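Take a look at the letters that make up each chain.
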Amino acid sequence: MNRDAVRDYVKQSDAVLEASPQMDEANTKAAILRDFLDLLDWQIPQNTQLEYSVEAFGQTYKVDYALILDGTPVAFLEAKGADTALTADHDEQLSSYMMNKNVNYGILTNGKQYRFFQRRVDASNVNVQQVGDIALEDLPNRLAVVKAFEKDAIESGESGKILGRINELREARRTLEFEKDDLAVELSNVLADEVSDAISSLAETQAKEMIDRLVADIESEIDADGSTESPKDGGTGDPGPDPVDSHIVGRIKRSEFEGDNDAKVAVFPTKRSGLEFLRENNAWGFVRIGQNPEYVAMYLSEDVREIKYVARVSDIVPATEADLARPREAYFESASDEAQAGFDPDQQVVVFEEGSLYELEDPVPYETKYPQSLQYTTLGALRTAETTDDML
């Protein structure tokens, strides 16, 4: 499987969903998910069993697809209809199936959203962790996770290596993000001790920028295709574009963000790789937005599932007129990606006020509702929400 094959699957599935967006489970399986199994090289009936029986919650249930090697299930795929939004209860259902049968890999999908799970054993602790929550259109950009669920990868043991490295990178990223200030001080102190106290304040600023760039590089590595080449140059020796300073000015509590409670907030979903655009441009794009919100809040999908960033809106401009850190084409891998993303001159870029883009110290966690596309709320609801259900 390569990126082009995944793009072909996305294109074909998009066409089916556009024609029948409210397909039930049976039609979703027949029209979309059998092709997804083919993409991963799982074949019915050679190595894939339908309606596999498992015990859970004191009852017998049927897993939609059991992926079999040497007569033993190694992965489960649980399907829902395109007309059904995935919930935390569905996650728990699949996790219980995996725990019951000691199955290490699981996929939960409704054809529009794909959640990938791994059963992990750490000393005496056994649990199931989500390793990816990916919208259909983002599958080509998360190739490493998708490839970990291929038949050959599971059979060879490569899946564990791929997901193990992704988990290590995620832990490193979390540490860098949450301890950025302390790490920057430590780095600046080392330089001050070794060079001169006069550079201490300059070194701390540079250290923070370096940490931001390192986090961005880690995100690129997580999203890569699992190769050992540098994610920046693809192995060509080209170092890629110069790094750009981050516009995220710091962290803030929701209660500290100034504004009227009834101020309108546009809530956009993004995966972690989308944060590069946010940081570089102090803006969000490319979108269609018919209202004039005073604020923007960013919901991070995948493993994070939190409303994690907020900014005050300065202007909304046509995408073709936006002053971006890099050429617009640089935010797409190729012209075909741009066409697939549906870009056109009518799309817009939401520009933020300088110094207003913050990471939330108290992000709003996902419960059962999340923005699959642009939604609106109020600043008061954002301030007081205990979960996303309280504001969406």
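To be clear, the structure that these remarks concern was listed above.
Read on for a plain summary of the structure.

Conventions adopted
Within every chain, residues take consecutive numbers counted from 1 along the sequence as written. Thresholds applied to this predicted model are a pLDDT of at least 70 for local features of residues and 80 or more for the giving and counting of side-chain atom pairs; totals over whole chains, interfaces and linings are not thresholded and use all residues. To get the side-chain values, all heavy atoms of the structure are used, and hydrogens and water are removed first. Put simply, DSSP H or I for four residues or longer makes a helix, DSSP E for two residues or longer makes a strand, and each gets a number counted from the N terminus. Per-residue accessibility, obtained with a 1.4 Å probe over protein chains only, is compared with the maximum for each type, and a residue is labelled buried under 20%, exposed over 50%, and partly exposed between these values. Residue contacts are defined here by distance: any two heavy atoms, one from each residue, within 4.5 Å place the two residues in contact. Here, Shrake-Rupley sampling with a 1.4 Å probe gives the accessible areas, and only protein chains in the shown set may cover a residue. A cavity here means a set of 1 Å grid points, computed over protein atoms only, where a 1.4 Å probe fits but cannot escape. A pocket is an open set with protein on both sides within 12 Å along at least 5 of 7 lines, and lining residues have an atom within 4 Å of a point. Grid points are joined across faces, edges and corners, and a volume is the space filled by probe spheres set on the points. In the scheme used here, Gly and all other residues not listed as nonpolar or charged are polar, with Ala, Val, Leu, Ile, Met, Phe, Trp, Tyr, Cys and Pro taken as nonpolar and Asp, Glu, Lys and Arg as charged. Pairing between two strands is assigned when DSSP locates at least 2 bridges connecting them. Every axis in this analysis is a line fitted to C-alpha atoms, fitted for helices over the stretch in contact. Angles between the N-to-C directions lie between 0 and 180 degrees. Under this scheme an angle from 65 to 115 degrees is roughly perpendicular, one under 35 degrees roughly parallel, and one over 145 degrees roughly antiparallel; angles in between are oblique. Between 30 and 60 degrees the pair is tilted, below 30 it is stacked and above 60 it is edge-to-face, where a pair is any two Phe, Tyr or Trp rings, Trp via its six-membered ring, whose centres lie within 6.5 Å. By this rule the span expected of a helix is its residue count minus one, scaled by 1.5 Å. Think of it as the arc spanned by the lines of direction from the helix axis to the C-beta atoms. Any pair of nitrogen or oxygen atoms within 3.5 Å is treated as a polar contact; in protein, a donor-acceptor pairing is required on top of that, and neighbouring residues in sequence qualify only through side-chain atoms on both sides.

### Observations concerning the overall build of the protein
In step 1: When its secondary structure is counted, the protein shows 11 helices and 14 strands.
In step 2: Going through the 392 residues of the protein one by one, you find that 49% of them count as buried.
In step 3: Long-range contacts, defined here as pairs at least 24 residues apart, represent 67% of the contacts in the protein between residues at least 6 apart.
In step 4: When the accessible surface of the protein is split by element, carbon and sulfur atoms take 45% of a total near 18,500 Å².

### Observations regarding empty space enclosed by the protein
In step 1: Tallying each qualifying case throughout the model produces 2 cavities of 30 Å³ or more.
In step 2: A volume near 30 Å³ is recorded for the second largest cavity.
In step 3: Lining the second largest cavity are Arg254, Phe257, Val310, Leu360, Leu379, Leu382 and Arg383.

### Regarding the layout of surface pockets
In step 1: By volume, the second largest pocket is sized at about 440 Å³.
In step 2: Taken together, 22 residues form the lining of the second largest pocket, with Lys180, Asp181, Asp212, Ile248 and Gly250 sitting closest to its centre.
In step 3: When contributions to the lining of the second largest pocket are tallied by element, the ones reaching two or more residues are helix H6 (158–178), helix H7 (180–194), helix H8 (200–223) and strand E7 (250–252).
In step 4: Sort the elements by how many residues they give to the lining of the second largest pocket and H8 lands first, with 6 residues.
In step 5: For the lining of the second largest pocket, a count of residues per class yields 7 nonpolar, 3 polar and 12 charged.

### Quick word on the environment of Ala148
In step 1: With respect to the helices, strands and loops of the structure, Ala148 is situated in the loop between helix H4 (143–147) and helix H5 (151–156).
In step 2: Sequence-wise, Ala148 and Tyr105 are 43 residues apart; in three dimensions their C-alpha atoms are separated by 9.3 Å.
In step 3: Aside from chain neighbours lying at most four places away, what touches Ala148 is Ala153, Ile154, Ser159, Ile162 and Leu163.

### Considerations on the sheet that holds strand E4 (residues 105–109)
Picture the strands of a sheet paired through backbone hydrogen bonds; they go either parallel or antiparallel.
In step 1: Spatially, 6 strands are ordered E1-E2-E3-E4-E5-E6 in an open sheet, and the strand pairing comes out mixed. With one partner strand each, in any of the chains shown, strand E1 (48–56) and strand E6 (125–135) form the two edges of the open sheet. Neighbouring strand axes in the sheet, compared pairwise and without regard to direction, differ in orientation by 35° on average.
In step 2: Inspection of the sheet shows E1 paired to strand E2 (residues 59–69) by 8 bridges, in the antiparallel sense. Bridging across to E2, Thr48 finds its partner in Leu67.
In step 3: On the sheet, H6 packs against E4, strand E5 (113–122) and E6 and is oriented at approximately 85° with respect to E6.

### Examining the packing of helix H1 (residues 3–19) against helix H2 (residues 25–39)
In step 1: Their axes nearest at 10 Å, the elements H1 and H2 cross at an angle of 175°. Of the possible angle classes, the one that applies to H1 and H2 is roughly antiparallel. Between H1 and H2, the residues in contact are Ala5, Val6, Tyr9, Gln12, Ser13, Val16 and Leu17 and Ala31, Ile32, Leu33, Asp35, Phe36 and Leu39, respectively.
In step 2: Looking at side-chain class alone, the contact of H1 with H2 contains 10 nonpolar, 2 polar and 1 charged residues.

### Examining the packing of aromatic side chains
In step 1: Applying the stated criterion across every chain, the model contains 13 aromatic pairs.
In step 2: Ring centres of Phe257 and Tyr358 lie 6.2 Å apart, and the angle between their planes is 85°; this geometry places the pair in the edge-to-face category. Residue Phe257 is found in the loop between E7 and strand E8 (264–270), and its partner Tyr358 is found in strand E13 (residues 358–365); the two are separated by 101 residues along the sequence.
In step 3: Of the residues examined, Phe257 reaches a relative accessible area of 8% and is grouped as buried.
In step 4: Residues Phe277 and Trp284 carry aromatic rings whose centres are separated by 6.1 Å and whose planes lie at 90° to one another, so their mutual orientation is edge-to-face.

### Topic: H1
In step 1: Its 17 residues place the ends of H1 25 Å apart at the C-alpha level, agreeing with the 24 Å of an ideal helix rising 1.5 Å per residue.
In step 2: Residues Arg3, Val6, Arg7, Tyr9, Val10, Ser13 and Leu17 constitute the buried set of H1. Seen along its axis, H1 keeps its buried residues to an arc of 160°; they face one direction. When the buried face of H1 is taken as reference, the exposed residues oriented beyond 90 degrees from it are Asp8, Lys11 and Ala19.
In step 3: Between a side-chain oxygen at the N-terminus of H1 and the backbone nitrogen of Asp4 the separation is 3.2 Å; the capping residue is Asn2.

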